[in-house]
2 protein chains.
Amino acid sequence: MQNTGLQALIVPSSDCHFSEYVADRYKCREYLSGFSGSTGTLVITINEAALWTDSRYFLQAEQQLQGSGILLMRDGLESTPSLSGWLADRLPAGSRIGLDGDLFSVESIAALQSGMNGLEIVPQKDFMTEIWPQRPPLSSAKVFFLSDEITGLSSGKKLCKVRQALQIRQGDVYLLSVLDQIAWLFNLRGTDIDYNMVAFCYAAVFHDRALLFIDPQKLTRTEIEDLSHNDIEVIPYAGFEPYLERLAACRILYNPAQFSYNHYAKLMELGCSLVRERDKFGIVNSLKGIKNDTEIEGFRKAMIEDGIALTRFYRWLEGLLKRGAVSSEKQISDMLHHFRSQSELFIRESFESIVGFRQNGAIVHYAVTDQSSITVDGSGFLLIDSGAHYRCGTTDITRTVHLGTPSETEKIDFTLVLAGHIDLASARFPAGTCGTQLDILARRPLLDRGWNYLHGTGHGVGHCLNVHEGPFAVRKDYNPVALQPGMVLSNEPGIYRPGRWGIRTENMMRVKEGGETEFGKILEFETLSLCFIDTRSICPELLTEKQKEFLNHYHSEVYRKLSPHLLPEEALYLAEKCRAI
Amino acid sequence: MQNTGLQALIVPSSDCHFSEYVADRYKCREYLSGFSGSTGTLVITINEAALWTDSRYFLQAEQQLQGSGILLMRDGLESTPSLSGWLADRLPAGSRIGLDGDLFSVESIAALQSGMNGLEIVPQKDFMTEIWPQRPPLSSAKVFFLSDEITGLSSGKKLCKVRQALQIRQGDVYLLSVLDQIAWLFNLRGTDIDYNMVAFCYAAVFHDRALLFIDPQKLTRTEIEDLSHNDIEVIPYAGFEPYLERLAACRILYNPAQFSYNHYAKLMELGCSLVRERDKFGIVNSLKGIKNDTEIEGFRKAMIEDGIALTRFYRWLEGLLKRGAVSSEKQISDMLHHFRSQSELFIRESFESIVGFRQNGAIVHYAVTDQSSITVDGSGFLLIDSGAHYRCGTTDITRTVHLGTPSETEKIDFTLVLAGHIDLASARFPAGTCGTQLDILARRPLLDRGWNYLHGTGHGVGHCLNVHEGPFAVRKDYNPVALQPGMVLSNEPGIYRPGRWGIRTENMMRVKEGGETEFGKILEFETLSLCFIDTRSICPELLTEKQKEFLNHYHSEVYRKLSPHLLPEEALYLAEKCRAI
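Residues numbered from 1 in each chain as written. Chains lettered and ligands numbered in written order. Predicted model: local features only at pLDDT ≥ 70, side-chain atom pairs only at ≥ 80, totals over all residues. Heavy atoms only, no water.

Asker: Looking at this model, I keep getting lost on the overall build of chain A. Mind explaining?
Answerer: The helix and strand inventory of chain A stands at 18 helices and 30 strands. Since a compact globule built from 581 residues should have a radius of gyration of about 25 Å, the 25 Å found for chain A is in line with a globular shape. Counting only C-alpha atoms and orienting by the principal axes, one finds that chain A spans roughly 70 × 55 × 50 Å. Relative to its 581 residues, chain A shows a buried fraction of 59%. (Helix = DSSP H or I, 4+ residues; strand = E, 2+ residues; numbered from the N terminus. Rg over C-alpha atoms; globule rule 2.2 N^0.38 Å. Buried < 20%, exposed > 50% of the residue type's maximum accessible area, 1.4 Å probe, protein only.)

Pasting the structure below:
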């Protein structure tokens, strides 16, 4: 900093591809601060350092920052200064603030700069490698390609659609940086980032060919040849930046929210003509968000695999507790992995399992560690939010099961969450409706009593890709993307009673057509996930007849679809769990 | 046009104050085209003319434009060209398009220009007076002032709040053009525009004084003196534009959506420093939208006046039909006026009553004329949407009453609309929720069957001002303004069966605090309107117990609050109507 004339540095949680989860190599903020939460921004001045993070991580950050001298800035509290305000209070006007311009999009730099009254953002090249001895390298794991039988659409056809967008904006080349977008486009999957199915790469789509910038060691010679036959050339990952120089005469299509500032600046320097793509969310994101019939079939198959594993898992757990033995959150997490990994189609977990017993269930983003793991016995609610990537699709499911005898208070909480879940799952809505409009349906039974959950209700789920994807969402925050047939999303209301219990009931659903009337096209959801819901924790009198019918029908489907794959004693166990209320 | 080198003219529906309803003087588009609908834009080229309007007016516009040579452009249909596209197809690049820059806001001109590929918008001064012989003059009706006992807040205190906004932006003067904003700010009411309680005026708020530009003939000498004692100077309406020249050295705060382009251009020419106000919706709009306790009490009083009138009206109508006589939509509209005008507090209707019998009820914005008025007999649904300004507040209410014996199909429609109405009225929601999130609650019972209504669910209602006001709304369209305690709005789901019947059930409600829990502040609604709902048209089995409870409680309140003001035979009639189901 002192050599470069910078008065402060900003270190975010991101990588060069704007990934939600990042590989170890990009855990720069964690390396510098010791704080390991998924979200947080570190700011360093000559004399001070401060870290902004949100309420999920207040406790964890407090513990991890202890003794570091780094100030904890609790985002969202009124008393917390904004990052730019804090800097402006400390630094003279005109001060230069550095950050790695690879880790920020064009749009995010602009937003940051517009908030910086009198301070100047000066994007830098990567400065971490220099100061981080033994910085972890990028993974060199092999990638693999999904056949058209799995994806339902060849990479060639996907490229055609992207080229149409290129044509409309009269661009010569479209540059892509976001990993799950590139993976989708080339039907490529990797394991470079934990829990995700992506590999580090960039892509350039021309009208007649495409370039895939990826470590060639990750591909077999045959795969490289196959790509080449489809006019896709493989170029080493590190070759992306140097390659930009060859685009000097091109009209380049890009998305300012998904393209690094440093690449943008380089292209501008080269005198390129840069055009924003028309689709604000990214054409690939928008295409990827709508699953085709083959992908939906794959999801269904994945749900059966997952449902079998979960049935066996809960049967194992109940057997254990019935014998008077106890388990631990850690063991449960491991056993869950064990049952899932029995499937031939299993690849890896789609996120770190949340196994929260009793009071730990109330910690929304709880991750069990050897230290935190508590004994699980035959009492209280056990919340498990988990999922997996199978070769045909991805799952994300939460069940809360009472391991003892639920109290009346516990039952009321459980039933209201379920009522909201069912109300959203059975909603019918006009074409053009966005998630913002539907969010209240899942909250209403809780809100009637003044209760709520402070997270979103639903997110898009990638097809054997990232478990969180856009461009739509079901949240109170405004998201203008209308729900469309083929979109696959989660439905996960909950309630959290700190120190007591947490309840969440989550299924995945797809959006489908629900007929047309004189008033227009109607859409509806179809629930995809297949696992019983703990009927012993329900107060039937708090459900409407329609809600009960939905639940009973759901349970009959769960049994019908899973039982043929189960051993007789397992099917018997499931039948009992799926009994109508 | 030919003298000024313009290749086209655009004539909108607006006045210089961006009013929703306009005075006759500003019905320029109607004068030129013959089309009298409330919304429509006329475009005139040297050889052609075309009029854009929305689906509500397709039929009416077709009839009224017949033989005029003006092309009808049906807005919203895919085959309809956009105004700018149509012009671009006809005119050479670089063509100049004229419009009266008084009738367009700074923001709307910018939006219009940004859509005009290669054509140039050239704002003009008013050109209608020249070509419109006997153009109606502005009204010279007297204004009146509401006492602090009615408004709950003196003009002085309101000015203080506006001055705070002026301070924050370091402005010298805040210029206001929108009539209901100025009326609110000075506690002034007028009748210059039908159905509204406003007078033509402008205002300038300085830190130490304010200027009110209004025809001094509309005020008494005492009123002018009283204003002057409060540092408010009255200047003739026509003096506003000349006065702008005296602001040359000032820093002027304005709202680009609520300030005319011509005034803006003039100030720019003078070299003024123009600053946009921080509140996108206008500080006065935002303050005005939240009613104080006195205003709410006034609304309550107005509801009693309205409820008495409606009870008497329906009793009269039923008596008439019972005697075998018939009525007409026109007579009903007149009688409704008669019963309302019996109240000492009655000022005028707050909008043109919609009285739609049977198939006419399906026309959402139906306005009865001598020609369209049909015979009302003892059969079918009668939809009446009406309201009034009383000295203490404004009403807007819709009731649909079956005058014969409702069929099963009619009852289903009626009950589902009512269920949605009740679901919204009884909603509880976290502070920070906006109308976009709640809209689905009123539609859900209909949507379950694939039905819907194609209008918004709720709008703000002014306090003895305009019956439609912002800045919030309950609609599917995104409106970021959170509902806040004190906001007063309508709740009006409906269903329309063309050629058969229309049903709408509308009450006004206020937003109020609904307690605080560990999850934050909860808000809820309180229904304000007081008039029975036609229980004979309800299928009780389609309502939940909670919905029935709500209805029965509502009816007991209607009876409790209205009966003390009724004659014994009227109270008896109301008691029968308010019987629990």
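Asker: When you look at the interface of chain A and chain B in this model, what are you seeing that I'm missing?
Answerer: In many reports, interface size means the accessible area that the parts give up when they come together. Between chain A and chain B, the contact holds 30 residues from the first and 30 residues from the second. Here chain A packs against chain B, burying approximately 2,700 Å² in sum over the two surfaces, 56% of which is carbon and sulfur. Considering only the side of chain A, the residues that lose the most area to chain B are A:Q437, A:R444 and A:F519, jointly responsible for 25% of the buried surface there. Connecting chain A to chain B are 4 salt bridges. When the shortest N-O distance is used, the salt bridge between B:E518 and A:R497 registers 3.0 Å. Our count for the chain A to chain B interface comes out at 14 residue pairs in polar contact (both at pLDDT 80 or more). Among the secondary structure elements, those contributing two or more residues to the side of chain A that touches chain B are β23 (428–430), α16 (435–447) and β27 (494–497) of chain A. (Contact = heavy atoms within 4.5 Å. Buried area = accessible area lost by both parts, 1.4 Å probe. Salt bridge = Lys/Arg side-chain N within 4 Å of Asp/Glu carboxyl O. Polar contact = N/O pair within 3.5 Å; in protein donor to acceptor, adjacent residues only side chain to side chain.)

Asker: Looking at this model, I keep getting lost on the sheet that holds strand β10 (residues 202–206) of chain B. Mind explaining?
Answerer: In any sheet, the strands associate via hydrogen bonds between backbone groups, in a parallel or an antiparallel arrangement. Residue and element names in this part refer to chain B. The strand order β12-β11-β10-β8-β13-β14 describes an open sheet built from 6 strands, whose pairing is mixed. The sheet is open, and its two borders are formed by β12 (232–235) and β14 (273–276), each paired with just one other strand. The mean angle between the axes of side-by-side strands here comes to 25°, regardless of whether they run parallel or antiparallel. Relative to strand β11 (residues 210–213), β10 is paired through 4 bridges, and the arrangement is antiparallel. The residue bridging V205 from the neighbouring strand is A210, located in β11. Each of β8 (173–176), β10, β11, β12 and β13 (251–254) is contacted by helix α7 (residues 155–168), which is oriented at about 70° to β10, the strand it contacts most. (Pairing = 2+ DSSP bridges. Axes fitted to C-alpha atoms, helices over the stretch in contact; angles between N-to-C directions.)

Asker: Where do I start with helix α8 (residues 179–186) of chain A in this structure?
Answerer: Residue pairs spaced three or four apart in an α-helix point in one direction, given the helix's 3.6 residues per turn. Residues and elements named next belong to chain A. α8 sits mainly inside the fold: 8 of its 8 residues count as buried. Restricting attention to buried positions, one finds in α8 the residues L179, D180, Q181, I182, A183, W184, L185 and F186. Phi for N187, located one or two positions after α8, is positive at around 50°.

Asker: What is the right way to look at the pairing of strand β8 (residues 173–176) of chain A in this model?
Answerer: Each regular strand carries side chains that alternate between the two faces of the sheet. Residue and element names in this part refer to chain A. Side chains of β8 alternate between two faces, with V173 and L175 and Y174 and L176 buried alike. Bridge count between β8 and strand β10 (residues 202–206): 4 bridges; the pairing is antiparallel. When the sheet's bridge partners are listed, Y174 is paired in β10 with V205. Sheet topology places β8 next to strand β13 (residues 251–254); 2 bridges connect them, and they run parallel. For Y174, the partnering residue across the bridge sits in β13 and is L253.

Asker: What is the right way to look at the relation of the copies chain A and chain B in this model?
Answerer: Here the second copy of the chain follows from the first by a rotation about an axis and a shift along it. With an RMSD of 0.1 Å, the operation that places chain A on chain B is a rotation of 180° combined with a shift of 0.1 Å along the axis. One copy is carried onto the other by what is essentially a two-fold rotation axis. Among all C-alpha atoms of chain A, that of A:Q437 lies closest to the rotation axis, at 2.2 Å. Of the interface residues in chain A, 100% have counterparts in chain B that sit at the interface too, so the contact is made through matching surfaces. (Least-squares fit on C-alpha atoms with pLDDT ≥ 70 in both.)

Asker: Looking at this structure, I do not really get the packing of aromatic side chains. What am I missing?
Answerer: Residue and element names in this part refer to chain B. Applying the stated criterion across every chain, the model contains 45 aromatic pairs over all chains. Consider the rings of F346 and Y390, whose centres lie 6.0 Å apart with planes at 75°: the pair is edge-to-face. Of the two residues, F346 sits in strand β16 (residues 346–349) while Y390 sits in strand β20 (residues 388–390), which places them 44 residues apart along the sequence. Relative accessible area serves as the criterion here: at 13%, F346 is assigned to the buried category. Of the residues examined, Y390 reaches a relative accessible area of 0% and is grouped as buried. (Phe/Tyr/Trp six-rings, centres within 6.5 Å; stacked < 30°, edge-to-face > 60°.)

Asker: What exactly am I supposed to notice about the side chain of A:S95 here?
Answerer: Residues and elements named next belong to chain A. Positionally, S95 belongs in the loop between α3 (83–90) and β5 (96–100). A distance of 2.6 Å separates a polar atom in the side chain of S95 from the backbone oxygen of P92. In this structure, S95 is in contact with Q7, G118, L119 and E120, ignoring residues within four places of it in sequence.

Asker: Could you clarify how one ought to interpret the sheet that holds strand β12 (residues 232–235) of chain A in this entry?
Answerer: Residues and elements named next belong to chain A. Overall, mixed pairing links the 6 strands, which are arranged β12-β11-β10-β8-β13-β14 in an open sheet. The open sheet has two edge strands, β12 and β14 (273–276), and neither has a second partner. In this sheet, neighbouring strand axes are inclined to one another by 25° on average, regardless of whether the strands run parallel or antiparallel. Direction of pairing for strand β11 (residues 210–213) relative to β12: parallel, over a ladder of 4 bridges. Residue pairing for β12: F213 is matched across the bridge by I235. Its contacts with the sheet put helix α11 (residues 261–269) on β8, β10, β13 and β14, and the angle it makes with β14 is roughly 135°.

Asker: Just checking my understanding: could you explain the pattern of salt bridges for this structure?
Answerer: Where charged atoms from two side chains of opposite charge come close, those side chains can pair. Residues and elements named next belong to chain A. Applying the stated criterion to the full structure yields 66 salt bridges over all chains. E545 serves as the salt-bridge partner of K548, at 3.3 Å between the closest nitrogen and oxygen. Of the two residues, K548 and E545 both sit in helix α17 (residues 545–562), 3 residues apart, roughly one turn of that helix. Judged by its relative accessible area of 17%, K548 is buried.

Asker: It is not clear to me how unusual backbone geometry should be interpreted in this structure. Could you clarify?
Answerer: If a residue is not glycine, its phi is most likely negative; likewise, a peptide bond is most likely trans. All names here are of chain A. Put simply, G470 and P471 share a cis peptide bond, and its omega is 0°. The residue P471 is located in strand β25 (residues 469–474) in this model. Backbone geometry places F18, a non-glycine residue, at a positive phi of 60°. Tracing the chain through its elements places F18 in the loop between β1 (8–11) and α1 (28–33). With relative accessibility at 22%, the residue F18 sits in the partly exposed group. Not every positive phi belongs to a glycine, and D231 is a case in point at roughly 60°. Note on placement: D231 falls in the loop between α9 (221–229) and β12. Note on D231: relative accessible area 47%, which makes it partly exposed.

Asker: What is the right way to read the side chain of B:N196 from this model?
Answerer: Mapped onto the secondary structure, B:N196 falls in the loop between β9 (188–189) and β10. Look past the residues within four positions of B:N196 in its chain and what remains in contact with it is B:Y21, B:G190, B:T191, B:R348, B:H389, B:L465 and B:N466.

Asker: Any chance you could explain the packing of helix α15 (residues 408–425) of chain A against α16(A) here in plain terms?
Answerer: Relative orientation and spacing of two packed helices are given, respectively, by the angle between their axes and the distance between those axes. Residues and elements named next belong to chain A. Running from N to C, α15 and α16 point in directions that differ by 155°, and their axes come no closer than 7 Å. Here α15 lies roughly antiparallel to α16, going by the angle between them. Between α15 and α16 the crossing geometry is right-handed. For the pair α15 and α16, contact is made by L416, V417, A419, G420, D423 and L424 and by L438, L441, A442, P445 and L446, respectively. (Parallel < 35°, antiparallel > 145°, perpendicular 65-115°, else oblique. Left-handed = near helix turned anticlockwise from the far one by under 90°.)

Asker: Would you explain the nonpolar core in this entry?
Answerer: In globular proteins that are soluble, nonpolar side chains generally tend to be buried together. Counting 176 residues, the largest nonpolar core has A:F313, A:F525, B:F313 and B:F525 as the members making the most contacts within it. Residues A:L119, A:L166, A:Y202 and A:L465 belong to the second largest nonpolar core, which totals 77 residues. (Core = buried A, V, L, I, M, F, W, Y, C linked by side-chain atoms within 4.5 Å.)

Asker: How should I be thinking about the environment of A:R251 in this particular structure?
Answerer: Residue and element names in this part refer to chain A. With respect to the helices, strands and loops of the structure, R251 is situated in strand β13. Taking relative accessible area as the criterion, R251 reaches 30% and is therefore assigned partly exposed. In this structure, the C-alpha to C-alpha distance between R251 and R169, residues 82 residues apart in sequence, is 9.4 Å. Ignoring any residue separated from it by four or fewer positions in sequence, one finds R251 in contact with R169, Q170, G171, D172, V173, S273 and V275.

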